[in-house]
Amino acid sequence: MSKLSLKKCQQVEIDAADPFKNDVLNRKANVEILTQFITSYEQSIVLCIDAGWGQGKTTFIKMWQQYLKNQDIPTIYFNAWESDYTDDALIALIGEIGLAIDNLSGEDKSKAKGFFSTLKNKLGYLAKDASFKEWLTIVAAIGSLISGGRIKVDKIAEFTANLGVSLAKDQIEKYEKSKQVLFEFKQALSQLAECYCGDDDNKSLVIFIDELDRCRPNFAIEVLEKAKHLFNVDNIIFVLATDKTQLGHSIRAVYGQGLDVNGYLRRFIDFDYLLPILNESNFIDSLFKDLEIDKYLNIRIFYFPAHNYTLLNLLKDITHLYKLTLREQEALCNILNIIVRTNNHLTKEEYTLLFLLIILKLKFPDLYKSLNRYNKSKFISNVLENINSQYSSDTDNDIYYFEFLECMLLSVIRPASQFSYEETINDYVRKYNFNDVKKQKLIHSFDMVKGFEITIPDLLIIKNAIEISSSFRLN
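Residues numbered from 1 in each chain as written. Predicted model: local features only at pLDDT ≥ 70, side-chain atom pairs only at ≥ 80, totals over all residues. Heavy atoms only, no water.

## Some details on the overall build of the protein chain
Looking only at helices and strands, the protein chain has 21 helices and seven strands in total. Expressed as a percentage of the 475 residues in the protein chain, the buried residues total 45%. (Helix = DSSP H or I, 4+ residues; strand = E, 2+ residues; numbered from the N terminus. Buried < 20%, exposed > 50% of the residue type's maximum accessible area, 1.4 Å probe, protein only.)

If you want it as structure tokens, here you go:
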């Protein structure tokens, strides 16, 4: 057994001099295009960097932030998720801007402190709970008209009539005052942003808001509203990094499932940019290299027709096949890293099944749980049943999402001496009433697993190795 020397998938280090030094996804072109885009606008805009969970949004905007710093464009990074313990998103945003003042120097720093002091003075008036004390005052006044349990009806009628006039007048005055305060707030905010930009009138302060999709629904909505309505001033550009699909779930949780989320978000977001994954294979290659997994898996697979096809090639192919996010790829490599160092006696066939089971655990945990070792006679059938009940809607004719896994499991059910590929496919197709497209995908997948000799005990050993690896904690 090889010496256990665990490594952890590290966050991408952003080099200050060269932000793209460790960029294996070739993000530089995206950053340059987006920089040209945002610097072409004179007015405030809100740009959304849209990408799914685990697709590297945070790394992308931190690379971009460093790139902007190197271009002398001022930036602020605000992690919304780390701040959603606060009651007011406005206070959190202003607080983050205030902290960045320490990065200024000289006259700009002195001016910024003055404008920031003005902002703080206006915050109390813009706070969301400003009317609470007024209602307490009204309740107390009505209470004074109740004596010994007897209600003075005539006095209450007179009081409420006067109250209506008074409240109407008060609300008008408050509205006029709030408009003035909001104007002064935005003016101070714009002047504060100027301090960050220096003497260059063509620059704007770029505020990155990250992890919005992970926040409490109410807080996420409040950040959007404050960013658009209160921060819609000259010299400030907002960049949101979020999964818009997940953000939509949060918004519907507050406003109801029937809400038109895209229409709602258009009120706050001016432009969307769908973050592409350009060189996904480069990313997993870098993980193999960092964790030194390649020396364990660079083994030729003879049952695949491709020349010099190795276990590494197979792992990359099925990672792409099942569309693992970058974060899921990291998790897969961390599990694999432990297993290859503690179970280096696995055969090529067992490694292949191991890859699929890890992906099943990460991507389809409900299917993975179906592999119940306490019900050996049915657990493979349970997985196949779940695949066809929950994931049978896939109609892509070119990509084999589950067929490869299905064929692997079907080959486990029967011993090789009793196994007929044609008979097995026909039985399986007949049982679930598959169409010809599905049948052809199964036939193609079976061509790739011919010669496999995996038994149910082998499968359970592999699953147990995965479970043991989950007991490790990498700090």
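## A short note on the nonpolar core
Of all hydrophobic cores here, the largest spans 65 residues; its most connected members are Leu297, Tyr322, Leu336, Leu354, Phe355, Leu459 and Ile466. Per-element accounting of this core gives the leading share, nine residues, to helix H15 (residues 348-363). Ranked by size, the runner-up nonpolar core spans 49 residues in total, among them Ile101, Phe185, Leu205 and Phe219. (Core = buried A, V, L, I, M, F, W, Y, C linked by side-chain atoms within 4.5 Å.)

## Looking at unusual backbone geometry
Most peptide bonds take the trans configuration, and most residues that are not glycine carry a negative phi. Phi angles above zero are rare outside glycine, and Asp72 is one such case at about 60 degrees. Along the chain, Asp72 turns up in the loop between helix H2 (57-70) and strand S2 (75-79). In this structure, Asn433 takes a positive phi of about 55 degrees despite not being glycine. By the secondary structure assignment, Asn433 is in the loop between helix H19 (421-432) and helix H20 (436-449).

## Section: the sheet that holds strand S5 (residues 205-210)
Strand pairing within a sheet occurs via backbone hydrogen bonds; the two strands may be parallel or antiparallel. Across the sheet, which stays open at both edges, the five strands sit in the order S2-S5-S6-S1-S7 with parallel pairing between neighbours. Looking at which strands have only one partner, the edges of the open sheet turn out to be S2 and strand S7 (271-274). Across the sheet, the mean angle separating the axes of adjacent strands is 20 degrees when strand polarity is ignored. Those strands touched by helix H1 (residues 28-39) are strand S1 (46-50), S5, strand S6 (236-242) and S7, and its axis lies near 165 degrees from that of S1. Across the face of the sheet, H2 comes into contact with S1, S2, S5 and S6 while running at roughly 160 degrees to S2. (Pairing = 2+ DSSP bridges. Axes fitted to C-alpha atoms, helices over the stretch in contact; angles between N-to-C directions. Contact = heavy atoms within 4.5 Å.)

## Regarding the pairing of S1
Burial analysis of S1 places five of its five residues in the buried class, the great majority of the element. Burial along S1 is two-sided: the residues Val46, Cys48 and Asp50 and Leu47 and Ile49 are all buried. Two elements, S1 and S6, share five bridges in a ladder whose sense is parallel. Bridge pairing links Leu47 to Val239 in S6. In this sheet, S7 lies alongside S1 in parallel orientation, the contact comprising four bridges. If you follow Cys48 over to S7, its bridge partner there is Asp272.

## Side note on the pairing of S2
In terms of burial, S2 is a largely internal element, five of the five residues being buried. Across the two faces of S2 the burial is the same, with Thr75, Tyr77 and Asn79 and Ile76 and Phe78 all buried. Sheet analysis places S2 next to S5, joined by five bridges and oriented parallel. Bridge pairing links Ile76 to Ile207 in S5.

## Here's the deal with the pattern of salt bridges
Throughout the structure, instances matching the rule amount to ten salt bridges. For the salt bridge of Glu328 with Lys363, the shortest nitrogen-to-oxygen distance reads 3.0 Å. Taken together, the residues Glu328 in helix H14 (residues 326-342) and Lys363 in helix H15 connect sequence positions 35 residues apart. Glu328 gets classed as buried once you look at its relative accessible area, which sits at 11%. Put simply, Glu403 and Lys438 hold a salt bridge, and the shortest N to O gap is 2.7 Å. Of the two residues, Glu403 sits in helix H18 (residues 403-413) while Lys438 sits in helix H20, which places them 35 residues apart along the sequence. Each member of the pair, Glu403 as well as Lys438, is classed as buried. One connected set of salt bridges, linked through shared partners, spans Glu403, Glu406, Lys438 and Lys441. (Salt bridge = Lys/Arg side-chain N within 4 Å of Asp/Glu carboxyl O.)

## Focus: the packing of helix H8 (residues 217-229) against helix H9 (residues 244-255)
Geometry of a packed helix pair, given as the angle between the helix axes and the separation of the axes. Close contact between H8 and H9 brings their axes to 8 Å; oriented N to C, the two are set at 105 degrees. By the angle between their axes, H8 is roughly perpendicular relative to H9. Residues Pro217, Asn218, Ala220, Ile221, Leu224 and Glu225 of H8 lie in contact with H9, whose contacting residues are Leu247, Ser250, Ile251, Ala253, Val254 and Tyr255. In terms of residue class, the contact of H8 with H9 is built from nine nonpolar, two polar and one charged. (Parallel < 35°, antiparallel > 145°, perpendicular 65-115°, else oblique. Nonpolar A, V, L, I, M, F, W, Y, C, P; charged D, E, K, R; others polar.)

## Quick word on the packing of H14 against H15
The interhelical angle for the contact between H14 and H15, taken along N-to-C directions, is 135 degrees, at an axis separation of 10 Å. The angle between H14 and H15 falls in the class oblique. The way H14 lies across H15 gives a crossing that is right-handed. Contact residues: H14 offers Glu328, Ala331, Leu332, Ile335, Leu336, Ile339 and Val340, while H15 offers Tyr351, Leu354, Phe355, Ile358, Ile359, Leu362 and Lys363. Here the residues of the contact of H14 with H15 sort into twelve nonpolar, no polar and two charged. (Left-handed = near helix turned anticlockwise from the far one by under 90°.)

## Looking at the packing of aromatic side chains
For any pair of aromatic rings, the description consists of the separation of the ring centres together with the inter-plane angle of the planes. For the structure shown, the criterion picks out twelve aromatic pairs. For the ring pair Tyr428 and Phe434, a centre distance of 5.4 Å and an interplane angle of 65 degrees mean the geometry is edge-to-face. Taking relative accessible area as the criterion, Phe434 reaches 16% and is therefore assigned buried. A connected cluster of aromatic rings, assembled from ring pairs, spans Phe37, Tyr41 and Phe271. In this arrangement the basic side chain of Arg214 is found over the ring face of Trp81, its NZ or CZ atom lying 3.6 Å from the centre. Above the face of the Phe434 ring, Lys438 is positioned so that its terminal group lies 5.1 Å from the ring centre. (Phe/Tyr/Trp six-rings, centres within 6.5 Å; stacked < 30°, edge-to-face > 60°. Lys NZ or Arg CZ within 6 Å of the ring centre and 35° of its normal.)

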